[in-house]
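What follows is the residue order along each chain.
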Amino acid sequence: MNSKKLFIWGFLFVSVIGSLLHFVYEWSGNNSIVRLFAPWNESTWEHMKLLFFPMLVLVLFLFFKLPEQSPIPVALSIGTLVGLALIPILFYTYTSVLGFSVMAIDIAIFYISVLGVFLTGWFLKDNRELANRRGLLLTCLVILAILFFIFSYYPPGIGLFQEP
C-alpha cells in the first residue's frame, strides 16, 4: 500500500474508532477495564483517549508491519503527540474566548486533531533519520498509555482532569 492510501485509511480508522470509543464506556455498563481505554467522564484528558488509543493501535501495527527502516510509524508517533496537544489547546482557547463550550466545536476539535496527527506524519514520513528514533517514540507512547491508565482512577486535581 502506498503512503497516501495508508494515511487516508489511518485517518478514517482513527476517526471512526475514536468516535465510537466515546460511547464504549457507557455501552459496557461502566466496566472498570473499559474505563482504562475509553472516556468515562467529560474531562478534556479523558477525551484525549479518543485520539490516543486508536493511534496507539495503528502505530503499533505499523511498527510491526512496515520495515524497520520505515520512518512512517515514528512520524505518526510524533503526529500523535501533536494531536494530543491540539485537543486541550484548541478546547481551552475557544472556551476561554466564548466563556462556554459548544458540542459541535468539541467534535470538530477531535477531527481537526486527528487531521493534525496525519498532516504531521505526512510531512515527516520521508525523513529517514526518524527510523532511528523508533525506541524513543515507542517508549513515549507506552509511558502515555500508562499515564492514561493511572489517571483514569487517580486524576490530578487540575482543570485538564476535571469535567467542564
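The preceding data block contains the structure.
Here is what the cut-offs are and how they apply
Residues numbered from 1 in each chain as written. Predicted model: local features only at pLDDT ≥ 70, side-chain atom pairs only at ≥ 80, totals over all residues. Heavy atoms only, no water. Patch = residues over 30% accessible without salt bridge, like charges linked within 9 Å, V, L, I, M, F, W, Y side chains within 5 Å. Areas by Shrake-Rupley, 256 points an atom, 1.4 Å probe, with all protein chains shown as cover. Salt bridge = Lys/Arg side-chain N within 4 Å of Asp/Glu carboxyl O. Helix = DSSP H or I, 4+ residues; strand = E, 2+ residues; numbered from the N terminus. Axes fitted to C-alpha atoms, helices over the stretch in contact; angles between N-to-C directions. Left-handed = near helix turned anticlockwise from the far one by under 90°. Contact = heavy atoms within 4.5 Å. Nonpolar A, V, L, I, M, F, W, Y, C, P; charged D, E, K, R; others polar. Expected span 1.5 Å × (residues − 1). Bend = angle between axes of the 7 residues up to and from the residue. Buried < 20%, exposed > 50% of the residue type's maximum accessible area, 1.4 Å probe, protein only. Parallel < 35°, antiparallel > 145°, perpendicular 65-115°, else oblique. Core = buried A, V, L, I, M, F, W, Y, C linked by side-chain atoms within 4.5 Å.

Draft legend 1. Main features of a nonpolar patch on the surface. Side chains of Phe13, Val16, Ile17, Leu20, Phe23, Trp27 and Val57 sit close together on the surface and give an oily, nonpolar patch of about 660 Å² of accessible area. Looking at which element gives the most residues to the nonpolar patch, the answer is helix H1 (residues 3-27), with six residues.

Draft legend 2. Quick peek at the packing of helix H3 (residues 72-98) against helix H5 (residues 134-153). Where H3 contacts H5, the axes come no closer than 9 Å and their chain directions differ by 35°. In the crossing of H3 with H5, the sense of the turn from one axis to the other is left-handed. From H3, Pro73, Val74, Ser77, Ile78, Thr80, Leu81 and Leu84 reach across to H5, where they touch Arg134, Leu137, Leu141, Leu144 and Phe148. Of the residues in the contact of H3 with H5, the class split is nine nonpolar, two polar and one charged.

Draft legend 3. Just helix H2 (residues 44-65), in detail. Over its 22 residues, H2 runs 32 Å from end to end, which matches the ideal 32 Å to within 8%, given 1.5 Å per residue. Largest kink in H2: about 30°, centred on Leu50, with the proline Pro54 one to four residues after it. Of all 22 residues that make up H2, 17 are buried, and the element is covered over most of its length.

Draft legend 4. Main features of the pattern of salt bridges. Applying the stated criterion to the full structure yields two salt bridges. For Lys49, the salt bridge goes to Glu46, with nearest N and O atoms at 2.7 Å. One end of the pair is Lys49 and the other is Glu46, both in helix H2 and three residues apart, which spans about a single turn. There is no split in this pair, since Lys49 and Glu46 are both buried. Lys125 is the salt-bridge partner of Asp126, the closest N and O atoms lying 2.9 Å from each other. By relative accessible area, Asp126 is classed as exposed at 59%. The buried category is assigned to Lys125, whose relative accessible area is 11%.

Draft legend 5. Spotlight on the environment of Val102. Topologically, Val102 is positioned in the loop between H3 and helix H4 (103-124). The class of Val102 is partly exposed, set by a relative accessible area of 26%. Taking the C-alpha atoms as reference points, Val102 and Phe149, 47 residues apart in sequence, are found 28 Å from one another.

Draft legend 6. Spotlight on the packing of H1 against H2. Packing of H1 against H2 leaves a shortest axis separation of 8 Å and a crossing angle of 140°. The angle between H1 and H2 places the two elements in the oblique class. The handedness of the crossing between H1 and H2 is right-handed. Across from Leu6, Gly10, Phe13, Val14, Ile17, Gly18, Leu21 and His22 in H1, the residues of H2 making contact are His47, Lys49, Leu50, Leu51, Phe53, Pro54, Met55, Val57, Leu58 and Leu62. Considered class by class, the residues forming the contact of H1 with H2 number 13 nonpolar, four polar and one charged.

Draft legend 7. Representation of unusual backbone geometry in the model. Phi at Asn30 takes a positive value of approximately 60°, unusual for a residue other than glycine. Note on Asn30: relative accessible area 46%, which makes it partly exposed.

Draft legend 8. Layout of the nonpolar core. One finds Leu51, Phe52, Met55, Leu76 and Phe118 to be the most contacted residues of the largest nonpolar core, which totals 36 residues. Taken together, the elements giving at least two residues each to this core come down to H1, H2, H3, H4 and H5. Top contributing element to this core by residue count: H2, with 12 residues. When residues no more than four places from it in sequence are discounted, the contact partners of Phe118 are Phe7, Gly10, Phe11, Val14, Met55, Leu58 and Leu76.

Structural measurements only, silent on function.
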